[in-house]
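# Geometric and topological summary
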Amino acid sequence: MSSWLGGLGSGFGQSLGQVGGSLASLTGQISNFTKDMLMEGTEEVEAELPSSGRKEIEAIHAVLRSENERLKKLCMDLEEKHEASELQIKQQSTSYRNQLQQKEVEISHLKARQIALQDQLQKLQSAAQSVNSGAGGVPATSASSSFSYGISHHASAFHDDMDFGDVISSQQEINRLSNEVSKLESEVGHWRHIAQTSKAQGSNSSDQSEICKLQNIIKELKENRSQEIDNHQHEMSVLQNAHQQKLTEISRRHREELSDYEERIEELENLLQQGGSGITVTDHSKIHEMEKTIQDLQTDKVASTKKIEELEDKMKDINKKLSSAENDRDVLRMEQEHLKVENRQIIEECEHLKLECSKLQPYALKQSDAVTERERILPQITPVEDEVIRLQQALSDAENEIMRLSNLNQDSSLAEDNLKLKMHVQVLEKENTLLSQEKEKLQISLLKLNDEYEVVKSAATRDPDLNSELHDLRLNLEAKEQELNQSISEKEILIAELEELDKQNQEATKHMILIKDQLSKQQSEGDSIISKLKKDLSDEKQRVHQLEDDKMHLTKKLDMKKDKLIQSELVLNDLHLTKQKLEDKVKDLVDQLNKSQKSDRDIKKENSELKEHIQQNEKELSRVRDELTQSLNRDSDSNFKDDLLKVREAEVRNLKQSLSEIEHLNDSLNNVAFDLKVENEKLVIACEDVRHQLQESIAGNNQIFLEKNTMMEALKMEKGQLEAELCQAEKRLLEEANKYEQTIEELTNSHNLSTSALQLEHECLIKLGQEKDSEIAELKKNIEQMDIDNKETKKILSSSLEEQKQLTQLINEKEIFIEKLEERSSELQEELNKYIQALRKNEVLKQTIEEKDRSLGSMKEENNHLKEELERLKEQQSRAAPVAEPKTLDSITELESEVSQLNIIKDNLEKEVKHHQKVIEDQNHSKMQLLQSLQEQKKEMEEFKCQHEQMNVTHTQLFLEKDEEIKNLQKTIEQIKSQLHEERQDVQTENSDIFQETKVQSLSIENGSEKHDLSKAETERLVKGIKEREMEIKLLNEKNIFLTKKIDQLSKDEVGKLTQIIQQKDLEIQALHARISSPSYPQDVVYLQQQLQAYAMEREQVLAVLSEKTRENSHLKTEYHKMMDIVAAKEAALIKLQDENKKLSTRFESAGQDMFRETVQNLSRIIREKDIEIDALSQKCQTLLTVLQTSNTGNEVGSVNSNQFEELLQERDKLKQQVKKMEEWKQQVMTTVQNMQHESAQLQEELHQLQAQVLVDSDNNSKLQVDYTGLIQSYEQNETKLKNFGQELAQVQHSIGQLCNTKELLLGKLDIISPQPSTGSLLTSQSAESLRTIKPDLSSESSKQEIEELRKSLHEKDATIKTLKENNHRLSDSIAATSELERKEHEQTDSEIKQLREKQDVLQKSLKEKDLLIKAKSDQLLSLNENFTNKVNENELLRQAVTNLKERILILEMDACKLKGENEKIIETTREKQTEYQALQETNMKFSMMLREKEFECHSMKEKALAFEQLLKEKEQERDQVMLALKQKQMENSAVQNEVQHLRDKEVRLNQELERLRNHLLESEDSYTREALAAEEREAKLRKKVTMLEEKLISSSNAMENASHQASLQVESLQEQLNVVSKQRDETALQLSVSQEQVKQYALSLTNLQMVLEHFQQEEKAMYSAEVGKHKQLVAEWKKKAEYLEGKLVSLQERLDEANAALDSASRLTEQLDLKEEQIEELKKQNELREEMLDDVQKKLMNLVNSTEGKVDKVLMRNLFIGHFHTPKNQRHEVLRLMGSILGIKREEMEQLLNEGQGGVTRWMTGWLGGGSKSVPNTPLRPHQQSVLNSSFSELFVKFLETESHPSIPPPKLSVHDMKPLDSPGRRKLDTNISESFKDATESRSGRRTDVNPFLAPRSAAVPLINPAGLGPGGPGHLLLKPISDVLPTFTPLPVSPDSSAGVVLKDLLKQ
């Protein structure tokens, strides 16, 4: 199924790839089209530049639209591909279902793990609740809820109708479960944390969870803050760029406007000059108007100067801003260096824009010219008004620019820039409308002025009286001219200022020109960047396609890898199975080993029994010898002796049989051992194979893992590259947008006059910007989708990695398992070695048995000799009694001597036995004494323990009361010293008295024991023991004295130390009294009281911890002691088992050694136990010492706490001392806690070891119990069997009684019939014997098994086994007795049953019944065996469970250790916090306690007096207690003396411990002094800290107030942000609705695209079908060509083969030719001889011919005649020719005669040639030979060569011996001889194929070798009738050149 799906997926992927290719080609066509469009657009622009700016922008807009559509189409294609991939995934979901099943298994595992974790959680929670009972814990609802959630989401099973959604949901469920597991683990850790903290401090549990939450929140806030900072930085960089660009634009505009103003000023000056020259000509009206205009101008000038000043101020501000901007520029130069590369590209764009600007400039100039012309067209009167208007406009423009600058400074984003551009456009439009209105108004005013001028002219002509007025006006004019001159001077001043401004302007214009050049360059670069970006976009699209293809490939590879993983899992499963099989094999081997062990044990038993039998036989032989000696005295008892000898012989035979059986068993055991070895080797090999396979699989998995890693890294690299490219593209797009905005603004500035034309262009550009933004947004969406896809792939890869990890874990587990198997195999090998050793022991035993057999044989021979001697004696007695007497006397004397010797040996043996018994009794006595002494030691130890505990109690009391004694000690130290001296003297006297008393008592006890023992040896031993005891007592006394001295020294040291301490205390008291007098006393008292309280709290807490630790320690110790007891018991049991084994092995050697060893072992065991007890006691002593130290200080504090508020205020010195003591005590507690922890760790390790031992022992015990129960069952079954057999015996007896009755009846009838031996009796006897053998065998087997298993398991049950043995022996005896009775009865009845055939049937039936019973018993046995195997399996399962539990325990222990470590850390932290907290509390409590101190001061003095009285009383009580303690010490010393007797070896240890304790005491004292000093230093430090903390408190309170204020501000800001967010939400809702509409449009476009795609697919299919047809035709043609060439090849190969065969045959022929040449040379020699002979013969023949020339031989003619008829008709004419030639007829005449018919001669020739003699018989030819003879000779020769090219037999050797000598005269004989030799050669060459070979068949008759005289060249025509010399090759040596090939040789041969 998976392979089919894989094929389908690959096909679908190919089709998708084709679709992608077609789409890529489509996009390529579109991009080409867009390029063409661009080219056309550029050509049109070049053609119509001055009037087609708008067209150019429209073309660009169209191109951008087309690109936008293309991008949309690409998006659609990508969406379609996504849908296709989804379909593919759905189809592949079936292959994923297998994986999902695996995931379900993983879910189950995870759930199991979750449940386990939850159990742990619940346990931890319960622990936490138990600890937090006061504080209150957190409820464990989270775990339960998560668990229930996990359960609810559990997928029940997979169905067939599962979709990809199900796959995803299951994957999500897996992820969720893993998350839940991780959560649970974190919760577990949290609960552990809570449990640990709650032990130290219950209330911190909830705070910590809150802290964790707060920490998480802080992390999230930090991440958010970092993201926001990044965003803000990005926005800041964008804003800075925008601000710089705007500043440059504004500066440029300002400079342009300044240049315009300068031009206008120049024009105004020109106009003014013209006006000055024309004043004289013009009229008064004009002058009046001029004056008005001048006034207006002055007012305007004043206003303009003010405005100029304002502008200058603004310019200063702007300069300041520019300086700040320059600073910013310096900052941004670093960024500009990075952006230089991009600037180069922008320069190309700017160049392009330059060209456009250069093209647009003439157009703009024309427009400006048109404007200037219009202005010049106006009359010269109006320029001043126009200038005024222009100035007004310039002012408005300047104001607008200032506003714009302020607005620009306020701008924060690109969107606002766009809005301002729109506003700027609207403002320009409004200004344009205003300008047009003002222009209209000016035109109206011009018309009015013209009319007025005409009126004035007419008035001038009409009124001549106006001259006077004109004169006045001229005067006025002169005045005005003066004013004008002033104004001109002012103007000149202004012009100078303007010139300065001009210079500044020129510099600004130069700067502007440079900026313009730069901008043009940047524009050209921007264009180039746009083109490059387009190319990059296309490249990125191609890369996207490639990435998609790569993604497809990756998915395919992933599928392949998944398949591989599945295969590897299958392989792993197979390996599992093989491992299970191997385990089964191992189990079987173990079973076989157990069986072999059992058989070994059986053999050992049998060997021991055989040894016993041999001993019995020896005893019996000795008895026989005694009896023989007696029998010599008694002749009458000879028959009895013979019977005895027979019995002995029968026993010897039985022994031999048993020996042979044992040998067989040993052989079988050896075989079994060998088989086991072989199987072990096989198992080892199999394990190695499995290991190799696992290694290979691991290597494969590692390779897969590496490949996947490389794939992941490659994908990550590609993703990173894509992201980088996308970021670059986004940056470029943003830059482009900025550049476009710059260009738009420049265009707006350049076309301020033609605003109406440029408005449309602005709108278009804005739309384009919006469209670009939308495209950018869409591209961002696509990028996000790609990111999501990448994330999904990452998730899939991570899941696959997890699977790989699981596989690696599995492999690791397998390796561990293999290691375990190897260990198991090593153990088995060790067991095998043990068994081999046991077998060797058996062989040794065999050898001993064989030696015994030899001795038995020798004894038998002696017996035989004795018998023979006895017989001789008897004969001698019978013959002659008097003669025999001396011989008999000699023999009797000999026998008597032997008897005497035997008696001596017997006496010696009895003595030895008695001696051994005595030794055993002595040892028993010593054992009993030792046991008594041990019991006494135990009692003494118990007493010592009690005394020790009492001592501890007294010490604690003493230490408690020490603090109260300090003030009175100065008075009482001398008294105490004197008392101590007296007490020591008393102690010494009392000790001596006690020792004497104990000596007397021991002596009296020993005397009493002596009275009881009567034997001398024992008295001597006791005396020695007493001496030893006395020595021991002396040593003990010395030691006691030494100890007392040590105690005295210690007491003296202690007294000295106490005096020193008291002096120190006095000094401190004085100092404190001095302080009390000072005013700071009450404050210090309050502070100390607070410290005391804090320390009391601390002490209580630490005491609680200590109590818990002591409880735990005591519990661990009890467990440890229990385990040690168990181990000791187990060791004792093991020792017992070893002892018993040794007893069995050395039973026949010595009985006394065993007892001695047992006693030694018991003593060693007792000593071990004592060692353990002493170790435990020493540990207890250490712990008690530490507890004493701690409780000493603690009790002191407690005594103070009872009267806290009274004594505290009085005794300031006490408080200080207590503070110091508390600090010291704290350090002591720390040390004790650390010690306790170390001890607990050690105890835990010991516990683990003991637990492991206990588990092993418990397993052994369980096994032994099972074996014991099995034995008991088998015993009960045997008893039941015995009962059944008894019942059957009764039945048989009853049947015998019936048979007896029938016998008596039949005897009366059958008196005549003689008794005959019947087979029935035999059968019955056989059956009886078989029954007898079966019963004892069964009983003996059961008893053996019982003995074996009980020896193994329970040596404690020896007594029961002995009783069972006795019962078995009794049963066997009873069975033997019954069998003997049966025999007797059968012997009686056999004679009767012989006559009775009827009883045979009855007995046969009974036999059948017995067989059935036996079968039933065997079935029962089998069932028992099965039960046993089941039990064994169960045991193995239990072992596995035990191992699992051990592992769990180890894990829990590790957790416990971790928790302890964490607890310690937490305790330390809590302590630090508590100290700080307490310090703060103390500072707070000081003020409250100040008032109380003064009130309590008066009470304290009264209480001091009472305290002194109480102290005196307590001292008296202490004296009494010291006396009691001394008495107790005396008692303890007496007990110690008794203990020291048995524990000499332990003295060294105790001394070492004493030294260690001394050192410890010294160290502790040193540490106390150090700690006191450290405490004082700490006090100073703490006080400093308190002051610091107070300062910190004040600062922290201020900080808190500030923080609260800030928090309130933050809350307000957050509320504002909330409002903003709500607005943004509304905006996003609107955007959503817009996007939904876009989605609908996309859906429509998708459907259109699908239609187009289908059309494309149809066209492609048609193309493909046409191409496929062509390809098929081509393929068919090529196939034909290939077939033709193959045929040619085949034919060429055949020819080659033939040529090779011919070459081979030629090579063979050459070899044969060489041989033939050698033969020919030999034959030539023979021929020379023969030729000489022939010459002689020819001479004779010539003579004969001369004599018989005219005669014809009748016989020859007759043969020829007969041969003529015998020959076939075809060849008869040749015979006739021969006859004619013989008769002398010419050839021509013969041919004439024979023209009628044709015939041939074959057999006829043979008859003729053999005519001389009847040596060759005339045999008829075979038909197939006749047909063959018709063929030509060349054909026959070729066939001959073919047959010869396959040689079967080597070529013949023609020798002279083969030739026959000439016998008869005539040529025929010779011919025949030669022909026969040739025939032999041919026969020898061709084997048995002489009659088949057509070439050799006619050579049966000889052909003449030499041309006969009669036959000339015109002789017989047939080749066969020609002589051999002509027809056949005569094999002359051919001169064959080395160059000539075998083929040439063949041809030459054929030519010959």
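Here the structure is a predicted model, which means the values were calculated and not measured.

Criteria and cut-off values
- Note on numbering: residues in each chain are counted from 1, in written sequence order.
- It should be noted that, the model being predicted, local features are given only for residues of pLDDT at least 70 and side-chain atom pairs only at 80 or more, the latter also being counted only at that level, while totals for whole chains, interfaces and linings use all residues.
- Side-chain measures here rest on the full set of heavy atoms in the structure, leaving out hydrogens and waters.
- Helix and strand assignments come from DSSP, with helices taken as H or I runs of at least 4 residues and strands as E runs of at least 2, each series counted from the N terminus.
- Exposure categories follow from relative accessible area, calculated using a 1.4 Å probe and restricted to protein chains: below 20% of the type maximum is buried, above 50% is exposed, and the middle band is partly exposed.
- To measure how exposed things are, a 1.4 Å probe is used in the Shrake-Rupley method; for residues, cover is taken only from the protein chains shown.
- With axes taken as lines fitted to C-alpha atoms, and helix axes fitted only over the stretch in contact, angles between N-to-C directions fall between 0 and 180 degrees.
- For classification purposes, angles smaller than 35 degrees are called roughly parallel, those larger than 145 roughly antiparallel, those between 65 and 115 roughly perpendicular, and all remaining angles oblique.
- Following the grouping adopted for this structure description, the nonpolar residues are Ala, Val, Leu, Ile, Met, Phe, Trp, Tyr, Cys and Pro, the charged ones are Asp, Glu, Lys and Arg, and the polar ones are all others, Gly among them.
- A patch is a set of surface residues, each over 30% in relative accessible area and not in a salt bridge, joined within 9 Å for like charges and within 5 Å for the nonpolar side chains Val, Leu, Ile, Met, Phe, Trp and Tyr.
- For salt bridges, the criterion is a side-chain nitrogen of Lys or Arg within 4 Å of an Asp or Glu carboxyl oxygen.
- Here a helix's expected span is defined as the number of its residues, less one, multiplied by 1.5 Å.
- We define a nonpolar core as any set of buried Ala, Val, Leu, Ile, Met, Phe, Trp, Tyr and Cys residues linked to one another through side-chain atoms lying within 4.5 Å.
- Contacts: residue pairs with any heavy atoms within 4.5 Å of one another.
- When charges are counted, Lys and Arg are positive and Asp and Glu negative, with His and the chain ends excluded.
- Charge positions come from single atoms, namely NZ of Lys, CZ of Arg, CG of Asp or CD of Glu.
- Only the six-membered ring of Trp is used, alongside the rings of Phe and Tyr, when aromatic pairs are assigned; centres must lie within 6.5 Å, and planes under 30 degrees apart are stacked while those over 60 apart are edge-to-face, with the rest tilted.
- Charge-over-ring placement is defined geometrically: NZ (Lys) or CZ (Arg) within 6 Å of the ring centre, and within 35 degrees of the ring normal.
- One fitted axis covers the seven residues ending at a residue, a second covers the seven starting there, and the bend at that residue is the angle between these axes.
- Note on scores: pLDDT gives the predictor's confidence for each residue, bounded by 0 and 100.

## Points about the overall build of the protein
Tallying secondary structure elements over the protein gives 32 helices and 0 strands in all. Within the span of the protein, comprising 1952 residues, buried residues form 29% of the whole. Of the roughly 126000 Å² of accessible surface on the protein, 56% is carried by carbon and sulfur atoms.

## Some points on the packing of helix 19 (residues 1212-1309) against helix 22 (residues 1398-1542)
With their axes 12 Å apart at the nearest point, helix 19 and helix 22 run at an angle of 170 degrees to one another. In terms of axis orientation, helix 19 runs roughly antiparallel to helix 22. In the contact of helix 19 with helix 22, the residues fall into 10 nonpolar, 10 polar and 16 charged.

## Digging into a nonpolar patch on the surface
Taken together, the side chains of Leu214, Ile217, Ile218 and Leu221 define a hydrophobic patch exposed on the protein surface, amounting to about 370 Å² of accessible area. Structurally, Ile218 can be placed in helix 5 (residues 204-277). In this structure Ile218 comes out as partly exposed when scored by relative accessible area, which is 43%.

## A word on helix 25 (residues 1772-1783)
One turn of an α-helix holds 3.6 residues; hence residues three or four places apart share an orientation. With 12 residues, helix 25 should cover 16 Å at 1.5 Å per step; its first-to-last C-alpha distance of 16 Å lies within 8% of that length. Taken together, the buried positions of helix 25 are occupied by His1773, Glu1774, Val1775, Leu1778, Met1779 and Gly1780. The first or second residue beyond helix 25 is Gly1784, which carries a positive phi of 90 degrees.

## Focus: the nonpolar core
Grouped together as the largest cluster of nonpolar side chains are 19 residues, with contacts concentrated most on Leu593, Val690 and Leu694. Elements represented by at least two residues in this core include exactly helix 10 (467-633), helix 11 (638-750) and helix 12 (755-879). Tallying contributions element by element places helix 10 first for this core, with 8 residues. In this structure, Leu694 is in contact with Leu572, Leu575, Lys579, Lys814 and Ile818, ignoring residues within four places of it in sequence.

## As for a negative patch on the surface
Where like charges cluster on the molecular surface, the negative patch consists of Asp642, Asp643, Glu868, Glu869, Glu871, Glu875, Asp890, Glu894 and Glu898. Secondary-structure elements contributing two or more residues to the negative patch are helix 11, helix 12 and helix 13 (881-965). Here the element with the most residues in the negative patch is helix 12; it accounts for 4 residues.

## Digging into the pattern of salt bridges
Applying the stated criterion to the full structure yields 25 salt bridges. Residue Glu1436 is joined to Lys587 by a salt bridge in which the shortest nitrogen-to-oxygen separation is 3.9 Å. In this pair, Glu1436 is assigned in helix 22 and Lys587 in helix 10, connecting sequence segments 849 residues apart. The salt bridge involving Glu1518 is made with Lys1515; its shortest N-O contact spans 3.6 Å.

## Considerations on the side chain of Arg252
Within the fold, Arg252 resides in helix 5. Once residues within four sequence positions are removed from consideration, Arg252 is found in contact with Met512, Lys516, Glu746 and Asn749.

## Focus: the packing of aromatic side chains
Taken as a whole and assessed by the stated rule, the structure comprises 1 aromatic pair. Here the aromatic rings of Phe1761 and Phe1765 are separated by 4.9 Å at their centres, their planes lie at 80 degrees, and the arrangement is edge-to-face. Residue Phe1761 and its partner Phe1765 are both found in helix 24 (residues 1754-1766); the two are separated by 4 residues, about one turn of the helix. Over the face of the ring belonging to Trp1678 we find Lys1681, whose NZ or CZ atom lies 4.6 Å from the ring centre.

## Some remarks on the packing of helix 22 against helix 23 (residues 1547-1747)
Taken N-terminus to C-terminus, the directions of helix 22 and helix 23 make an angle of 180 degrees; their axes are 23 Å apart at the nearest point. Relative to helix 23, the element helix 22 lies roughly antiparallel. Mapping the contact onto sequence places Ala1479, Leu1480, Thr1483 and Val1540 in helix 22 and Glu1547, Val1586, Leu1589 and Glu1590 in helix 23. Its residues assigned to classes, the contact of helix 22 with helix 23 shows 5 nonpolar, 1 polar and 2 charged.

## What to know about a positive patch on the surface
Taken together, the side chains of Lys716, Lys791, Lys794 and Lys795 make up a positively charged region of the molecular surface. With 3 residues, the single largest contributor to the positive patch is helix 12. Relative to the assigned elements, Lys795 resides in helix 12.

## Details of helix 6 (residues 284-338)
Largest kink in helix 6: about 45 degrees, centred on Leu332. Within the span of helix 6, buried status applies to His284, Ile287, Glu291, Ser304, Ala325 and Leu332.

## Topic: the confidence of the model for the protein
With 75% of its residues at a pLDDT of 70 or more, the protein has an overall mean of 77. The weakest mean pLDDT in the protein belongs to helix 3 (residues 141-152) at 41; the strongest belongs to helix 23 at 90. In the model, residues 1195-1202 has pLDDT below 50 throughout and makes 13 contacts with residues more than four positions away in sequence or in other chains. Low pLDDT (under 50) marks residues 1924-1940, which in the prediction has 25 contacts with non-local residues, meaning those over four places away or in another chain.

## A word on the environment of Leu74
Structurally, Leu74 is set in helix 2 (residues 53-131). Residue classification places Leu74 among the buried residues on the basis of a relative accessible area of 8%.

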